[in-house]
Amino acid sequence: MYFFLFFFTLSSLASIHKFEDFYLSMMKKNNVYWGAIYDQQAAFERNEGTLGLYMPNLSAASTQSRSEASGVESLNNSQTVSISGKIPQLGLGYNSNIFSLNETMRPSPKSYTGDFNFGLSLNLLKDFGPRVGWINFKQAELNLDISKLSKLKTIYLLTSQLLSSYSGAFASQKNLKINSDSEITNKESLRKAQAQFDVGKIPKLSLLTVQAQSQQLRSQVIGVERFLRESFKNLYTLSSVNQGEAMVDLSINLEPIQMPFFNEKIIDNLITKKLDFQNLKNPDFQIGKLVLQQAEFPVIQARNNLYPTLDLAYTITGNQVGSTRPGYFPGANSGNIVALNFSMPIGFVTERHEMAATNLTYLKAQRDFNQLKIQLSREWENIVANYKLLRDQIQIARLLVQAAREKYEAALPTATLGTTYQQNVISFQNELVSFSTSLNLLEVEFITAQLQVLTFHADPHVYEVFAPYGLK
């Protein structure tokens, strides 16, 4: 489908002249677009932050205690440094007092106590790594993927809105010229008709007919100006033009660029394919899949909570007491501890009800996803049907414009033959204006329909087309 898109040259906007400038301005300043970018960046930071689950905690403390009993004063200083951490996917935890010193200052003589321990624990049932240890990491990854898809949806939406507003402004300006030219022609006809009526050459009916057409054309010009102003307003809003720069000048000229704007072979190939959910890249569908995956996590966690706690712990200990300050790792009085710990709530009452609740929530998520697939199937069917109908309608509209122009041009020489012929000329002129403006508006709908086909499948052709205009 070949047609012309016109690009703006705005004398009142020093920094915006063409469509790509509007688009680049939108990419730089539109708050909705940047909101999606910030959401993605925030999700990225949170995903990177999950690495902190591997990082150990370091604790340090220094205390001084004083007491007095039966006239005897006690004064103690102590310092401790400990470290603890875990490897979530393995269900493995560790902790250690890497330095622990207690110094007894009073009563004399001074004495020192040093302690050391290092322990490992392994969850054997509940919270065992492969069961739930990966959930936090996977949740963060899915949130990041969803934010990327949401950003893509935002780009598609804003691009479609900007292209529609820009194309609508182009069509409105063309229609304004068509109606304005017709109004100018009509004014000359009205002047001649008034002069002929004044000298009695034509009846009152002929004059009234020309006057009625004049009022009709004036109304049409006003209507097109209103639509054009609305299109400009949308352009300025989407591209986030500063308030002081947003003066609308309806008299500006537009620079034409011959299209096709999109590759129709790619579009025709897409509309002939059957909708395949196995390979569908539609952003809404991809987000729906990820949301369904996320809905499984509470179920997995609730199932895990129904297990009793059983863990195996092994601890190495060491301590040293004496009148000299011990080293960092006291070697005297060393030993080790092996412990098997088991605990469980009686009846798992809360846990069982939580399991039932999360199962119901997951069933709801499944139904929502199935409904989304039905909705997308209907949406795609409507997009394809609308695109095909618009394509046929534009072909018919072009033929109608051509026929109306030929009739109008053929009738012009007969305008002086009488009232009936003059009315025919007026009728043919109105018909030509009507068909021409309808064609222009259909072309706006058509380019939007083409973009709908491409964005529904997240086809990379969208980026190929809009990359020169600032899309990243």
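Residues numbered from 1 in each chain as written. Predicted model: local features only at pLDDT ≥ 70, side-chain atom pairs only at ≥ 80, totals over all residues. Heavy atoms only, no water.

Caption draft 1: Summary view of the overall build of the protein. Within the protein one finds 10 helices and 8 strands. Expressed as a percentage of the 472 residues in the protein, the buried residues total 39%. Counting only contacts in the protein whose residues sit at least 6 apart along the sequence, the fraction spanning at least 24 positions is 77%. If you sum the accessible surface of the protein, you get close to 26300 Å²; carbon and sulfur atoms cover 55% of it. (Helix = DSSP H or I, 4+ residues; strand = E, 2+ residues; numbered from the N terminus. Buried < 20%, exposed > 50% of the residue type's maximum accessible area, 1.4 Å probe, protein only. Contact = heavy atoms within 4.5 Å. Areas by Shrake-Rupley, 256 points an atom, 1.4 Å probe, with all protein chains shown as cover.)

Caption draft 2: A look at a nonpolar patch on the surface. A contiguous nonpolar patch, built from F118, L120, L124, L312, Y314, I316, V338 and L340 and spanning about 690 Å² of accessible area, is present on the exposed surface. Sorting the residues of the nonpolar patch by element identifies strand 5 (111–123), strand 7 (309–322) and strand 8 (335–343) as the ones contributing at least two each. Here the element with the most residues in the nonpolar patch is strand 7; it accounts for 3 residues. Residue position: V338 is located in strand 8. (Patch = residues over 30% accessible without salt bridge, like charges linked within 9 Å, V, L, I, M, F, W, Y side chains within 5 Å. Salt bridge = Lys/Arg side-chain N within 4 Å of Asp/Glu carboxyl O.)

Caption draft 3: Spatial organisation of helix 5 (residues 204–238). Counted at 1.5 Å a residue, the expected span for helix 5 with its 35 residues is 51 Å, and the 52 Å between its end C-alpha atoms agrees. Two residues or fewer after helix 5 comes S240, characterised by a positive phi angle close to 55 degrees. (Expected span 1.5 Å × (residues − 1).)

Caption draft 4: Region of interest: the nonpolar core. By size, the foremost hydrophobic cluster in this structure holds 70 residues, and its most contacted members are F19, Y23, F261, F262 and F466. The element contributing the most residues to this core is helix 8 (residues 349–411), with 17 residues. Not counting residues within four places of it along the chain, the set of residues in contact with Y23 comprises I155, T159, L162, F466, Y469 and L471. Grouped together as the second largest cluster of nonpolar side chains are 9 residues, V132, I135, I287 and F297 included. (Core = buried A, V, L, I, M, F, W, Y, C linked by side-chain atoms within 4.5 Å.)

Caption draft 5: Highlighting the packing of helix 2 (residues 31–49) against helix 4 (residues 135–198). Relative orientation of the contacting elements helix 2 and helix 4 amounts to 165 degrees, with a least axis distance of 8 Å. Relative to helix 4, the element helix 2 is oriented roughly antiparallel. Crossing geometry of helix 2 relative to helix 4 is assigned as left-handed. Across the interface between the two elements, V32, Y33, A36, I37, D39, Q40, A43, F44, R46 and N47 of helix 2 pack against F137, A140, E141, N143, L144, S147, K148, K151, T154, I155 and L158 of helix 4. (Axes fitted to C-alpha atoms, helices over the stretch in contact; angles between N-to-C directions. Parallel < 35°, antiparallel > 145°, perpendicular 65-115°, else oblique. Left-handed = near helix turned anticlockwise from the far one by under 90°.)

Caption draft 6: Fine view of the packing of aromatic side chains. Under the criterion given, the structure shown has 12 aromatic pairs. For the ring pair Y387 and F446, a centre distance of 5.1 Å and an interplane angle of 20 degrees mean the geometry is stacked. Of this pair, Y387 sits in helix 8 while F446 sits in helix 9 (residues 419–456), and the two are 59 residues apart along the sequence. By the burial criterion, Y387 is buried, and F446 matches it. Site record: aromatic cluster; members linked through ring pairs are Y23, F261, F262 and F466. Above the face of the Y307 ring, R131 is positioned so that its terminal group lies 4.2 Å from the ring centre. (Phe/Tyr/Trp six-rings, centres within 6.5 Å; stacked < 30°, edge-to-face > 60°. Lys NZ or Arg CZ within 6 Å of the ring centre and 35° of its normal.)

Caption draft 7: Local environment of the environment of E443. Checked against the element boundaries, E443 lands in helix 9. Expressed as a C-alpha distance, the spacing of E443 and I394, which sit 49 residues apart in the sequence, is 7.2 Å.

Caption draft 8: Broad picture of the side chain of S231. Within the element layout of this structure, S231 appears in helix 5. In this structure S231 touches S165, G168, A169 and S172, once residues within four positions along its chain are discounted.

Caption draft 9: Spatial organisation of the pattern of salt bridges. All told, the structure shown has 7 salt bridges when counted by the stated rule. K407 serves as the salt-bridge partner of E431, at 2.8 Å between the closest nitrogen and oxygen. Placement of E431 in helix 9 and of K407 in helix 8 is noted, with a sequence separation of 24 residues between them. Accessibility expressed as a relative area gives 24% for E431, which makes it partly exposed.

Caption draft 10: View of helix 6 (residues 264–271). Within helix 6 the residues assigned to the buried category are I267, L270 and I271. The arc that holds every buried residue of helix 6, seen down its axis, measures 90 degrees, which confines them to one face. Put simply, N263 is the residue that caps the front of helix 6, since its side-chain oxygen is 2.9 Å from the backbone nitrogen of K265. (Arc of directions from axis to C-beta. Polar contact = N/O pair within 3.5 Å; in protein donor to acceptor, adjacent residues only side chain to side chain.)

Caption draft 11: Broad picture of the pairing of strand 3 (residues 72–87). Both strand 3 and strand 4 (residues 92–106) contribute to a ladder of 13 bridges, which runs antiparallel. In the sheet register, N77 faces strand 4, and the bridge partner there is E103. With antiparallel pairing between neighbouring strands as the criterion, strand 3 and strand 4 make up a hairpin whose turn holds 4 residues, including G91 at a positive phi of roughly 65 degrees. (Pairing = 2+ DSSP bridges.)

Caption draft 12: How the structure looks around the environment of P468. Within the secondary structure, P468 is located in the segment after helix 10 (461–466). Overall, P468 belongs to the exposed group, its relative accessible area being 61%. Note: C-alpha distance between P468 and Y23 (445 residues apart in sequence) is 9.8 Å.

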